Amino acid sequence: MNIALVGLPGSGKSTVGRQLARRLQLPFIDADQWVERQLGCSIREYFEREGEVGFRDFEQQALADIAAAGPAVIATGGGAVLRPANRSCLRERARVFYLFATPEEVYRRLRHDQVRPLLQVADPQARLRELFAQRDPLYRETAHEVITIGRPSTAALVNTIAEIVQRQAG
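All of these numbers come straight from a predicted model, not from anything done at the bench.

Enquirer: Explain the sheet that holds strand β4 (residues 94–100) to me, using residue names and the numbers behind them.
Expert: The parallel open sheet is built from five strands, whose spatial order is β2-β3-β1-β4-β5. Strand pairing shows two members of the sheet lacking a second neighbour, β2 (28–30) and β5 (145–148), which therefore form its edges. Pairwise comparison of adjacent strand axes, ignoring direction, gives a mean angle of 20° for this sheet. In the sheet, β4 pairs with β5 via four bridges, with the strands oriented parallel. Bridging from a neighbouring strand, Tyr 98 pairs with Val 146 of β5. Across the sheet, helix α7 (residues 154–169) touches β1 (2–6), β4 and β5, and the angle it forms with β5 is around 160°.

Structure follows, in structure tokens:
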């Protein structure tokens, strides 16, 4: 069975996912990296060239392919839940964990990040609040479990998720 992690950019999906995959002895797939390998360019470049709809079309097919190939631990892109088809695919083909973080927590973690396009704006904290308002209900709709990241270590988050997965498998 696939395990998928959803949440705001910077909520720890890739970091937690990599360690969770190691712990559960499953392959790890970072959906954004997978998409970039398939595209042959960065998501940002493709987004600028093809627009959001073009990117979301590609992302939707990529998620379906990734989910069908399982079992794996999948770190989704922050906006993957925007499309109903992606939310259904994830819910049906994976155990979905929402790594819940407030916009303020994410900003604190990412305030020095120079790479993420969403933070290269005049007011990154306001941008994170907008994304949270739009996406939090979609993350909750998609997720089977909500894990509040707060201040626990990555290892503690991995243990929590692994215990839930193992309890439900056994």
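This is not the end of the story, as more comes after the structure.
Enquirer: Describe the packing of aromatic side chains, listing the residues and the values that go with them.
Expert: The description of an aromatic ring pair uses the distance of the two centres, along with the angle that the planes make with each other. Using the criterion set out here, one finds five aromatic pairs in the structure. For the pair Tyr 46 and Phe 58, a centre-to-centre distance of 6.0 Å together with 55° between the ring planes defines the contact as tilted. On the basis of relative accessible area, Tyr 46 is assigned to the buried category, the value being 14%. The partly exposed category is assigned to Phe 58, whose relative accessible area is 26%. Here the aromatic rings of Tyr 98 and Phe 100 are separated by 5.8 Å at their centres, their planes lie at 85°, and the arrangement is edge-to-face. Residue Tyr 98 is classed as buried on the basis of its relative accessible area of 1%. Here a set of aromatic residues connected by ring pairs shows up, and it is made of Tyr 98, Phe 100, Phe 132 and Tyr 139.

What counts as what
Here the residue index of a chain counts from 1 through its sequence in written order. Residue-level local features of this predicted model are given only where pLDDT is at least 70; pairs of side-chain atoms are given and counted only at 80 or more, and the full residue set underlies all totals for whole chains, interfaces and linings. To get the side-chain values, take all heavy atoms of the structure and skip hydrogens and water. Two strands are said to pair when DSSP picks up at least two bridges between them. Helix and strand definitions here come from DSSP, where helices need a minimum of 4 consecutive H or I residues and strands a minimum of 2 consecutive E residues; each element is numbered from the N-terminal end. As a rule, the C-alpha atoms of each element are fitted with a line to give its axis, helices using only the stretch in contact, and angles between N-to-C directions run from 0 to 180 degrees. Contact between two residues is taken to exist if any of their heavy atoms lie within 4.5 Å; hydrogens are not considered. In this analysis, rings of Phe, Tyr and Trp, with Trp reduced to its six-membered ring, are considered paired at centre separations within 6.5 Å, and the interplanar angle assigns stacked below 30 degrees, edge-to-face beyond 60, and tilted for intermediate values. Residue burial is assigned from relative accessible area. The probe radius is 1.4 Å, only protein chains are included, and a residue is buried under 20% of its type maximum, exposed over 50%, and partly exposed in between.

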